[in-house]
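# Summary of structural features
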Amino acid sequence: AGVVALPGWIALEEGWLEVAVCRQGTREHESIVATTARPSIVHAALLLAGLEPGRPARYRPDGTFEPASGDSVEISIRFDAEGPAAGEMPLGDAILDERGDESVDWLFAGSTVHPNPPSLGPGEYYAADYAGTIVGLTTFGDEVVAAREARSPEIGIDPAVWKVRPGVLPPIGTPVTVIIRRPGSTADVTTRR
């Protein structure tokens, strides 16, 4: 029905962001939500939801970016807790852009596939499975879902602009469901833990 849901938890309730959703054990220090979901499985689920991947943004030799591409997606967070934190909100509402821009545009970029290094033997690996970036804000080049705007994670190239919006997220560790939708999909999401 054009919807993918991932169980997760709040990983950060204040501070600077480079990632919005990451795999556990990777970028929790700069991400709103962490999940145990493997990025390549999220990619497969997005394909099953009818979305077409593009590619993450890439650095050009002249220092500029080649922009990310892919189908647009909408992302929200459902707070599974009871009380005032319960409900669903667009992921962008949890992100404060220091430049005053209030929206983040998301694309199903699809990460990248690379040949295995010799130590892994023959085959290929899905870059996001190792880096952990499921929903990226800055451009690492391995995001499953990328922000349309390309920005370097290197502060000497592009200054940090995204922070957790104060006062909108429940405490670290609060269970949540990340919902990635094809635009216009109104399907309800039932999650199991």
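Notes on the structure in this doc start here.

Calculation criteria
- Residues numbered from 1 in each chain as written.
- Predicted model: local features only at pLDDT ≥ 70, side-chain atom pairs only at ≥ 80, totals over all residues.
- Heavy atoms only, no water.
- Helix = DSSP H or I, 4+ residues; strand = E, 2+ residues; numbered from the N terminus.
- Rg over C-alpha atoms; globule rule 2.2 N^0.38 Å.
- Buried < 20%, exposed > 50% of the residue type's maximum accessible area, 1.4 Å probe, protein only.
- Contact = heavy atoms within 4.5 Å.
- Areas by Shrake-Rupley, 256 points an atom, 1.4 Å probe, with all protein chains shown as cover.
- Core = buried A, V, L, I, M, F, W, Y, C linked by side-chain atoms within 4.5 Å.
- Polar contact = N/O pair within 3.5 Å; in protein donor to acceptor, adjacent residues only side chain to side chain.
- Salt bridge = Lys/Arg side-chain N within 4 Å of Asp/Glu carboxyl O.

What follows concerns the overall build of the chain. A count of helical and extended segments in the chain gives two helices and 17 strands. Scaling as 2.2 N^0.38, a compact globule of 193 residues should have a C-alpha radius of gyration of about 16 Å, and the chain matches this with 16 Å. Across its three principal directions, the C-alpha atoms of the chain cover 50 × 35 × 35 Å. Each of the 193 residues in the chain was classed as buried or not, and the buried ones make up 46%. Summarising the internal contacts of the chain: among those between residues at least 6 apart in sequence, 66% fall at separations of at least 24. With an accessible surface of roughly 9300 Å², the chain has 53% of that area assigned to carbon and sulfur atoms.

Right, let's get into the nonpolar core. Core analysis: the biggest nonpolar cluster contains 40 residues, and I32 and W106 have the highest contact counts within it. By size, the runner-up hydrophobic cluster in this structure holds five residues, among which are A68, L107, A109 and A146.

To continue, consider the side chain of E30. By the secondary structure assignment, E30 is in the loop between β2 (19–23) and β3 (31–35). Taking relative accessible area as the criterion, E30 reaches 10% and is therefore assigned buried. Of note is the side chain of E30, whose polar atom sits 3.3 Å from the side chain of H29.

Attention shifts here to unusual backbone geometry. Of all residues except glycine, most have a negative phi; of all peptide bonds, most are trans. The backbone of S111 shows a phi angle near 55°, a positive value even though the residue is not glycine. Note on placement: S111 falls in the loop between β11 (106–108) and β12 (113–115).

Mapped onto the elements, S69 comes out in strand β7 (residues 69–70). Each C-alpha atom, one on S69 and one on P56, is 6.5 Å from the other, the two residues being 13 residues apart in sequence. Excluding its chain neighbours within four sequence positions, the residues that come into contact with S69 are G54, R55, L107, F108 and A109.

This brings us to the pattern of salt bridges. The full count for this structure, using the stated rule, is 10 salt bridges. Across the pair R27 and E30 runs a salt bridge whose closest N-O atoms are separated by 3.6 Å. By the burial criterion, R27 is buried, and E30 matches it. Two residues, E88 and R78, come together in a salt bridge whose shortest N-O distance is 3.4 Å. Of this pair, E88 sits in strand β9 (residues 87–90) while R78 sits in strand β8 (residues 72–79), and the two are 10 residues apart along the sequence. For E88, a relative accessible area of 38% corresponds to the partly exposed category. On the basis of relative accessibility, which here comes to 18%, the residue R78 falls in the buried class.

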